[in-house]
Amino acid sequence: MASAARESKRPDRVLGAEQYDHPWEMDGPALPIVPVSAIEHYEYCPRQCALIHVDGIWAENPHTVRGRREHRRVDDHSQSRIERGKQVLRAVPLWSERYGLSGRADVVEVLEGGTIRPVEHKSGVRHGITADLQVCAQAICLEEMLDTSISGAAIWYGGPRRRFQVELTSELRRMTLQTVAEIREQLVDGVLPGAPNDARCTQCQLRHHCLPEISANSGRVAAYLLQVLPA
Ligand code: SF4
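A. Spatial organisation of the overall build of the protein. Check the secondary structure of the protein and you find 9 helices and 7 strands. Out of the 231 residues belonging to the protein, those deemed buried represent 30%. In the protein, the share of contacts with a sequence separation of at least 24, taken over all contacts with a separation of at least 6, comes to 64%.

In structure tokens:
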């Protein structure tokens, strides 16, 4: 089962789930839709999320290529079928007007009796609760789209080849909507967060675009700019 321990990246902004309801009704300019996929990027590193979803930068590394290869089957809607008595839908489009979300579920299972269960597929092993937040966002979309309630979801990890059950508690829902609100704020601000320049960077697909060793050090950034900009 999912553990609900997670530090907010914006502890000053921790609110109740109801605070994230209908973001469109907030004053101000039109608010951007948050892609469900951005949750994984934001949880990994807020700077990575901004590089991808604000600056539009994408790069592959061996991890992303392997993930895409292992994802081929769930990316193909034509692979939907009945399996062991349940309907298994693949590559299902998702949206929520209520929370301003859009995305795609790897798998949505329809069990006997009509129970709906989203299943997220990961090629590797479990890292914290990032995938729990993603699959919870998918469930939130499906609840609105299908006018139903969903109490559980699952994550399939290709590394150990095991399924992990996720209970969609009110706390997990609150954390998910809080993360979505933080990402939306990042999309609105358009500000690139500083580089943590830590162990995450060695595995990051955007390392060569981010230049974490330089961007984490403002003195080196200034020296670099002096070198490359005309006097
Ligand atoms: S290289 Fe490091 S700081 Fe830059 S986006 Fe990746 S994880 Fe974040």
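Now that the structure has been shown, the text picks up again.
B. Quick peek at the packing of helix 4 (residues 130-146) against helix 5 (residues 170-189). Remark: helix 4 packs on helix 5, axes separated minimally by 9 Å, with the N-to-C direction vectors making an angle of 90°. With respect to each other, helix 4 and helix 5 are oriented roughly perpendicular. Seen from helix 4, the contacting residues are Asp132, Leu133, Cys136, Ala137 and Ile140; seen from helix 5, they are Leu172, Arg173, Met175, Thr176, Thr179 and Val180. Of the residues in the contact of helix 4 with helix 5, the class split is 7 nonpolar, 2 polar and 2 charged.

C. Region of the structure containing helix 2 (residues 46-53). Taken across its 8 residues, helix 2 has 6 buried, putting it largely inside the fold. Three or more residues of helix 2 are buried, namely Arg47, Gln48, Cys49, Ala50, Leu51 and Ile52. Of the surrounding secondary structure, the elements contacted by the buried residues of helix 2 are helix 1 (38-44), helix 5 and helix 7 (207-210).

D. Main features of the site of the ligand. With respect to spatial proximity, 13 residues lie near the ligand, and among them Cys45, Gln48, Cys201, Cys204 and Cys210 are the closest. Secondary-structure elements contributing two or more residues to the shell around the ligand are helix 2, helix 6 (200-203) and helix 7. Ranked by the residues each element gives to the shell around the ligand, the list is headed by helix 2, at 3 residues. Residues of the shell around the ligand, tallied by class, amount to 9 nonpolar, 1 polar and 3 charged. Of the domains in this structure, domain 1 (11-193) and domain 2 (194-231) are the two that each give at least three residues to the shell around the ligand.

E. Structural context of the packing of helix 2 against helix 5. The contact between helix 2 and helix 5 brings their axes to 10 Å, and the two run at 55°. Viewed along their axes, helix 2 and helix 5 adopt a mutual orientation that is oblique. Handedness of the crossing formed by helix 2 with helix 5: right-handed. Across the interface between the two elements, Pro46, Cys49, Ala50 and His53 of helix 2 pack against Ile183, Gln186 and Leu187 of helix 5. Here the contact of helix 2 with helix 5 is composed, by residue class, of 5 nonpolar, 2 polar and no charged.

Definitions and cut-offs
Residues numbered from 1 in each chain as written. Predicted model: local features only at pLDDT ≥ 70, side-chain atom pairs only at ≥ 80, totals over all residues. Helix = DSSP H or I, 4+ residues; strand = E, 2+ residues; numbered from the N terminus. Buried ≥ 20, exposed ≤ 12 C-beta atoms within 10 Å, placed from the backbone. Contact = placed C-beta atoms within 7 Å. Axes fitted to C-alpha atoms, helices over the stretch in contact; angles between N-to-C directions. Parallel < 35°, antiparallel > 145°, perpendicular 65-115°, else oblique. Nonpolar A, V, L, I, M, F, W, Y, C, P; charged D, E, K, R; others polar. Near = placed C-beta within 6 Å. Domains from an automatic or database assignment. Left-handed = near helix turned anticlockwise from the far one by under 90°.

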